[in-house]
Amino acid sequence: NLSYCDADLSNNTFEHADVHVSHSPDLSGIDLSGDAANTFTGTPARRTLTTFKSMVPAGTTWEIAAPSLAALLTYTDNTVAGTMALAPGTVVKSFDTGVTVAAGGVLTAVGTGEAPVVFTDWRDDTVGGDTNGDGNDSTPENGSADAILLGQSEGSWQQTSQQVTLTHVNMRYVNPVTSYNYDNRSSKLAQVRITDSRFVAQDDVPGDPHASITCQDATVTGSTFTGVALNLSYCDADLSNNTFEHA
């Protein structure tokens, strides 16, 4: 467990030992890609990285491309002011708020048809396995967590020039994108690009997920929204070849 550390973790092997990082000023020092990537072994619950109130600061890039990592578990106010890049097959499970993209921050989640990037509820055992280690004692709920926030509901992180790119991304249970702290008169609202992605509310599960996006411009192409509402405000929106089912 690392708290308040500007930690550099490279070329480590964590055997049956999940990693918890709290209040880190710089997550980019935790290598999860390339030759220096850390590796994880054991059950899904022991192959997780949990982040809490931590940051990817401006001028840094944190790339997550570690096949041995079962899931990145995000708890409350993990902020991206630099660049966060999610590679194919990455699984992000959110407890309440997933990734907050701050002013000038960039989030790219680029999967493939065979290996999408997945955002889901922290209790979802169907992707990444039983990462909370409780068997069948907990079940996910629709709309109980936000996957991506643009700006914050509180504090000073205004929505200013964020960039979010989602390609071959699957979102289950979660609210896909939620905008906070915006000035609709601004010419520097976020830019959102969504391509070939799927947003699904699960049947027979409580809750109503929704994407509420206030932005400068939004492009949504070739994507499917099933039981998930899409609300666009103040956006120069380009929507094409999408499917909206029960949404």
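As shown above, the structure is provided for reference.
What counts as what
- Residues numbered from 1 in each chain as written.
- Predicted model: local features only at pLDDT ≥ 70, side-chain atom pairs only at ≥ 80, totals over all residues.
- Heavy atoms only, no water.
- Pairing = 2+ DSSP bridges.
- Helix = DSSP H or I, 4+ residues; strand = E, 2+ residues; numbered from the N terminus.
- Salt bridge = Lys/Arg side-chain N within 4 Å of Asp/Glu carboxyl O.
- Buried < 20%, exposed > 50% of the residue type's maximum accessible area, 1.4 Å probe, protein only.
- Core = buried A, V, L, I, M, F, W, Y, C linked by side-chain atoms within 4.5 Å.
- Contact = heavy atoms within 4.5 Å.
- Phe/Tyr/Trp six-rings, centres within 6.5 Å; stacked < 30°, edge-to-face > 60°.

Caption draft 1: Structural view of the pairing of strand β10 (residues 83-86). Judged from the four bridges that link them, strand β7 (residues 61-64) and β10 form a sheet pairing that is parallel. When the sheet's bridge partners are listed, tryptophan 62 is paired in β10 with methionine 84. As paired strands, β10 and strand β13 (residues 106-110) are joined by four bridges and run parallel to one another. Considered in β13, the bridge of threonine 83 is made with valine 106.

Caption draft 2: Here's a closer look at the sheet that holds strand β26 (residues 243-245). Taken together, the 10 strands give an open sheet; going across it, the order is β1-β3-β5-β8-β11-β14-β17-β20-β23-β26, and neighbouring strands pair in parallel fashion. The sheet terminates laterally at β1 (2-3) and β26, the two strands that pair on one side only. In this structure, β1 lies alongside strand β3 (residues 19-22), joined through two bridges in parallel fashion. Following the sheet pairing, serine 3 is matched in β3 by serine 22.

Caption draft 3: Spatial organisation of unusual backbone geometry. The phi angle at histidine 23 is positive, at roughly 60°, despite the residue not being glycine. Looking at the secondary structure, you find histidine 23 in the loop between β3 and β4 (39-41). The residue aspartate 77 is not glycine, and still its phi comes out positive at about 60°. Checked against the element boundaries, aspartate 77 lands in the loop between β8 (71-75) and β9 (78-80).

Caption draft 4: Quick peek at the pairing of strand β22 (residues 217-221). Pairing of strand β19 (residues 191-195) with β22, which is carried by five bridges, proceeds in the parallel orientation. Bridging across to β22, arginine 193 finds its partner in threonine 219. Relative to strand β25 (residues 236-240), β22 runs parallel, the two sharing five bridges. Its bridge partner lying in β25, threonine 221 is registered against serine 240.

Caption draft 5: Structural context of the pattern of salt bridges. If you walk through the whole model with that rule in mind, you get four salt bridges. Put simply, arginine 172 and aspartate 124 hold a salt bridge, and the shortest N to O gap is 2.9 Å. On the criterion of sequence distance, the pair formed by arginine 172 in strand β17 (residues 169-172) and aspartate 124 in the loop between β14 (117-121) and β15 (146-150) is long-range, its members being 48 residues apart. Comparing arginine 172 with aspartate 124 shows no difference in burial state: the two are buried. Across the pair aspartate 217 and arginine 193 runs a salt bridge whose closest N-O atoms are separated by 2.6 Å. On the criterion of sequence distance, the pair formed by aspartate 217 in strand β22 and arginine 193 in strand β19 is long-range, its members being 24 residues apart.

Caption draft 6: Representation of the nonpolar core within the structure. Core analysis: the largest hydrophobic core is formed by 49 residues, its most contacted members being Leu32, Leu49, Trp62, Met84, Phe119, Ile148 and Met171. At three residues, the largest contribution of residues to this core is made by β15. With sequence-adjacent residues up to four places away left out, leucine 32 is seen in contact with Ala37, Phe40, Leu49, Trp62, Glu63, Ile64, Ala65, Ala66 and Leu69. Leu73, Val91, Val118 and Val127 belong to the second largest nonpolar core, which has five residues in total.

Caption draft 7: Broad picture of the packing of aromatic side chains. A complete count under the given rule lists five aromatic pairs for this structure. Considering the side-chain rings of phenylalanine 14 and phenylalanine 40, the 5.4 Å spacing of their centres and the 20° angle between planes classify their relative orientation as stacked. With phenylalanine 14 in strand β2 (residues 13-15) and phenylalanine 40 in strand β4, this residue pair connects regions lying 26 residues apart in the sequence. Residue phenylalanine 14 is classed as buried on the basis of its relative accessible area, which comes to 19%. Taking relative accessible area as the criterion, phenylalanine 40 reaches 5% and is therefore assigned buried. Judged by centre distance (5.1 Å) and plane angle (55°), the ring pair of phenylalanine 95 and tryptophan 122 falls under tilted. Residue phenylalanine 95 is found in the loop between β11 (91-94) and β12 (97-101), and its partner tryptophan 122 is found in the loop between β14 and β15; the two are separated by 27 residues along the sequence. Phenylalanine 95 sits in the partly exposed class, given a relative accessible area of 34%. Members of the aromatic cluster, connected to one another through ring pairs, are Tyr75, Phe95 and Trp122.

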